Amino acid sequence: MGSAPAQIPTSFGHELRACLRCRLVKTYDQFRESGCENCPFFKMEEDNERIVDCTTPNFNGIISVMDPTRSWAARWLRLARFVPGCYTLAVSEALPEDLQNLCEDEHVPYVPPKRV
């Protein structure tokens, strides 16, 4: 998880998707080209099916974070350790169990979405 910024979405329409682990928002094509900058172990750029499994088009709100370590909003949303980029405020789906296990194997935290 370096400090190089993530790709900024090239369009804001129905093709936007959010990573289910870190909530990074990009287009499907951007995930296909470069994967998720915060979750490289998902290897989305190598497997198009993995993009569908690791991301969702169902999310609420978008926030742009330029300096996650200094932003109170990023800290409040638990984004302070991620790369600069566009993030959703909340996702409505949980990461599939096999991918949750992958996170555990990689020693990276996964916090499932809160059920309302």
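Before reading further, recall that the structure is shown in the block above.
Structural notes, computed from the coordinates. What you see is a predicted model, and the numbers here were worked out from it, not measured in a lab.

## Notes on the packing of aromatic side chains
Stage number 1. The tally for this structure, following the rule as stated, stands at two aromatic pairs.
Stage number 2. Centroid distance Phe41 to Phe42: 4.7 Å. Interplanar angle 65 degrees. Geometry classified as edge-to-face.
Stage number 3. The exposure class of Phe41 is buried, given its relative accessible area of 14%.
Stage number 4. Each ring, one from Phe82 and one from Tyr87, has its centre 6.1 Å from the other, and the planes form 15 degrees; the classification is stacked. The exposure classification of Phe82 matches that of Tyr87, with both residues buried.

## A short note on a negative patch on the surface
Stage number 1. Together, Glu45, Glu46, Asp47, Glu49, Asp53, Glu97 and Asp98 give the surface a local cluster of negative charge.
Stage number 2. Elements with a contribution of two residues or more to the negative patch: α2 (48–54) and α4 (97–105).
Stage number 3. Structurally, Asp98 can be placed in helix α4.
Stage number 4. Classification of Asp98 as exposed rests on a relative accessible area of 53%.

Reading the values: rules and limits
Residues numbered from 1 in each chain as written. Predicted model: local features only at pLDDT ≥ 70, side-chain atom pairs only at ≥ 80, totals over all residues. Heavy atoms only, no water. Phe/Tyr/Trp six-rings, centres within 6.5 Å; stacked < 30°, edge-to-face > 60°. Buried < 20%, exposed > 50% of the residue type's maximum accessible area, 1.4 Å probe, protein only. Patch = residues over 30% accessible without salt bridge, like charges linked within 9 Å, V, L, I, M, F, W, Y side chains within 5 Å. Areas by Shrake-Rupley, 256 points an atom, 1.4 Å probe, with all protein chains shown as cover. Salt bridge = Lys/Arg side-chain N within 4 Å of Asp/Glu carboxyl O. Lys, Arg positive; Asp, Glu negative; His and termini not counted. Charge placed at Lys NZ, Arg CZ, Asp CG, Glu CD. Helix = DSSP H or I, 4+ residues; strand = E, 2+ residues; numbered from the N terminus.

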